[in-house]
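Given next are the chains, with one letter for each unit.
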Amino acid sequence: QVQLVESGGGLVQPGGSLRLSCAASGSIFSIDAMGWYRQAPGNERELVAAVTSGAHRNYADSVKGRFTISRDNAENTVYLQMNSLKPEDTAVYYCNLRVDIPGAGLYEYWGQGTQVTVSS
């Protein structure tokens, strides 16, 4: 069983910063990628940022230059540093873990979500 524990969400004013953390624990096979998605009311869940096992980073165009994803491989933890936050960044942010299970292929796990609200 794999668990993802997220932390770091909250209320922040426009232009402010937040740092999200997600720690993975349990029976984790080979990690293919870890990342963050978000979902605002009425919208579909979208990729925010992800980092692969090869350290390749991928960002949504809307957050490039403002958000930075990083990963602690020893602790199976992924971070999302969010700077210059805008009201349109308001959403529930979900941690995503993609693993490569021998004989079964890729499988994804999701965190419970953490609310980020950007408002004055």
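Chemist: Tell me about the nonpolar core, residues and numbers included.
Modeler: One finds W36, L80, M82 and Y93 to be the most contacted residues of the largest nonpolar core, which totals 30 residues. Elements supplying a minimum of two residues to this core: β1 (2-7), β3 (18-26), β4 (30-39), β5 (46-52), β7 (67-72), β8 (77-82), β9 (91-101) and β11 (114-118).

Chemist: Can you tell me about the sheet that holds β1, naming the residues and giving the values?
Modeler: Neighbouring strands of a sheet are bound in pairs by backbone hydrogen bonds; such pairs are parallel or else antiparallel. The strand order across the open sheet formed by four strands is β1-β3-β8-β7, and the pairing between neighbours is antiparallel. With one partner strand each, in any of the chains shown, β1 and β7 form the two edges of the open sheet. Pairs of neighbouring strands in the sheet enclose a mean axial angle of 15°, with direction left out of account. Sheet topology note: the β1/β3 ladder contains six bridges and is antiparallel. What sits directly across from V5, in β3, is A23.

Chemist: How would you summarise the pattern of salt bridges if you had to cite specific residues and measurements?
Modeler: This structure, assessed with the given rule, holds five salt bridges. The salt bridge involving E46 is made with R38; its shortest N-O contact spans 2.8 Å. Given the relative accessible area of 35%, E46 is considered partly exposed. The class for R38 is buried, based on a relative accessible area of 6%.

Chemist: Describe the environment of W110, listing the residues and the values that go with them.
Modeler: Along the polypeptide, W110 turns up in strand β10 (residues 105-110). The exposure class assigned to W110 is partly exposed, which follows from its relative accessible area of 35%. Each C-alpha atom, one on W110 and one on Y94, is 6.6 Å from the other, the two residues being 16 residues apart in sequence. Dropping the residues within four chain positions of it, W110 is found in contact with L4, Y37, R45, Y94, C95 and N96.

Chemist: Tell me about the pairing of β10, and please be specific about residues and values.
Modeler: Moving residue by residue along a regular strand, the side chains alternate between the two faces of the sheet. When β9 meets β10, the two strands line up antiparallel, connected through six bridges. The partner of R98 across the bridge, within β10, is E108. Between β9 and the antiparallel strand that follows it, β10, lie three residues; G103 among them carries a positive phi value of about 80°.

Chemist: Would you mind going over the state of the cysteines in detail, with residue names and values included?
Modeler: Under the defined criterion, the tally for this structure stands at one disulfide. Through a disulfide, C22 is tied to C95; the S-S separation comes to 2.0 Å. The S-S bond linking C22 to C95 shows a torsion near -85°; that makes this disulfide left-handed. Separated by 73 residues along the polypeptide, C22 in strand β3 and C95 in strand β9 bring together distant segments of the chain.

Chemist: Go over the side chain of T77, please, and point to the residues and values.
Modeler: Within the secondary structure layout, T77 lies in strand β8. Within the structure, T77 has its side chain in polar contact with the backbone oxygen of E75 (distance 3.0 Å). Excluding its chain neighbours within four sequence positions, the residues that come into contact with T77 are C22, A23, M34, S70, R71 and D72.

Chemist: An account of unusual backbone geometry is needed here, citing residue identities and associated values.
Modeler: For residues other than glycine, phi is negative in most cases, and the peptide bonds are mostly trans. The phi torsion at A55 lies on the positive side, around 70°, for a residue other than glycine. Inspection of the secondary structure assignment puts A55 in the loop between β5 and β6 (57-59). Even without being glycine, N76 reaches a positive phi, approximately 50°. Mapping N76 onto the fold places it in the loop between β7 and β8. Residue N76 is classed as partly exposed on the basis of its relative accessible area of 23%.

Cut-offs applied
Residues numbered from 1 in each chain as written. Predicted model: local features only at pLDDT ≥ 70, side-chain atom pairs only at ≥ 80, totals over all residues. Heavy atoms only, no water. Core = buried A, V, L, I, M, F, W, Y, C linked by side-chain atoms within 4.5 Å. Buried < 20%, exposed > 50% of the residue type's maximum accessible area, 1.4 Å probe, protein only. Helix = DSSP H or I, 4+ residues; strand = E, 2+ residues; numbered from the N terminus. Pairing = 2+ DSSP bridges. Axes fitted to C-alpha atoms, helices over the stretch in contact; angles between N-to-C directions. Salt bridge = Lys/Arg side-chain N within 4 Å of Asp/Glu carboxyl O. Contact = heavy atoms within 4.5 Å. Disulfide = S-S within 2.5 Å. Polar contact = N/O pair within 3.5 Å; in protein donor to acceptor, adjacent residues only side chain to side chain.

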